[in-house]
Amino acid sequence: MSNRIRRCPHDLRYTLSPVCPVCGRACRPAHPARFSPQDRYGNYRRAVRRWNTSQ
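**Structural notes on the overall build of the protein**
Then, in step 1: When helices and strands are counted, the protein shows 1 helix and 3 strands.
Then, in step 2: In sequence order, the protein lays out its α and β elements as β-β-β-α.
Then, in step 3: Relative to the compact-globule value of 10 Å for 55 residues, the protein shows a C-alpha radius of gyration of 15 Å, a clear excess of over 25%.
Then, in step 4: Referenced to the eigenvectors of the C-alpha coordinate spread, the extents of the protein come out at roughly 35 × 30 × 15 Å.
Then, in step 5: Taken over 55 residues, the protein has a buried fraction of 11%.
Then, in step 6: Looking at the protein alone, contacts between residues at least 24 apart form 12% of all its contacts between residues at least 6 apart.
Then, in step 7: As displayed, the protein has an accessible area near 5,300 Å², and 53% of this comes from carbon and sulfur atoms.

**Things to note about the pattern of salt bridges**
Then, in step 1: Counting across every chain of the model gives 2 salt bridges.
Then, in step 2: The salt bridge partner of D11 is R13, with a shortest N-O separation of 3.8 Å.
Then, in step 3: The class for D11 is partly exposed, based on a relative accessible area of 24%.
Then, in step 4: With its nearest N and O atoms 2.1 Å apart, the salt bridge here joins D39 to R45.
Then, in step 5: By relative accessible area, which is 36% here, D39 ends up partly exposed.

**Remarks on the sheet that holds strand β1 (residues 6–7)**
Pairing between the strands of a sheet comes from backbone hydrogen bonds, and it takes one of two forms, parallel or antiparallel.
Then, in step 1: The strand order β2-β1-β3 describes an open sheet built from 3 strands, whose pairing is antiparallel. Of all strands in the sheet, those bounded by a partner on one side alone are β2 (14–15) and β3 (28–29).
Then, in step 2: Pairing of β1 with β3 involves 2 bridges; the strand directions are antiparallel. Residue pairing in the sheet places R6 in a bridge with P29 of β3.

What counts, and where the lines are drawn
Residues numbered from 1 in each chain as written. Predicted model: local features only at pLDDT ≥ 70, side-chain atom pairs only at ≥ 80, totals over all residues. Heavy atoms only, no water. Helix = DSSP H or I, 4+ residues; strand = E, 2+ residues; numbered from the N terminus. Rg over C-alpha atoms; globule rule 2.2 N^0.38 Å. Buried < 20%, exposed > 50% of the residue type's maximum accessible area, 1.4 Å probe, protein only. Contact = heavy atoms within 4.5 Å. Areas by Shrake-Rupley, 256 points an atom, 1.4 Å probe, with all protein chains shown as cover. Salt bridge = Lys/Arg side-chain N within 4 Å of Asp/Glu carboxyl O. Pairing = 2+ DSSP bridges.

Here it is in structure tokens:
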């Protein structure tokens, strides 16, 4: 079991397990990704985000 807190995107509950104890779905990390000034793939991520929101 990891020490990082996770959040279920369906019912918005916090847990430490990778699976939500209430609904049984997969949980996501509650913390944002680390920021790095030397982000090599930042331009690609922003481009994909623009493509997905423009549809």
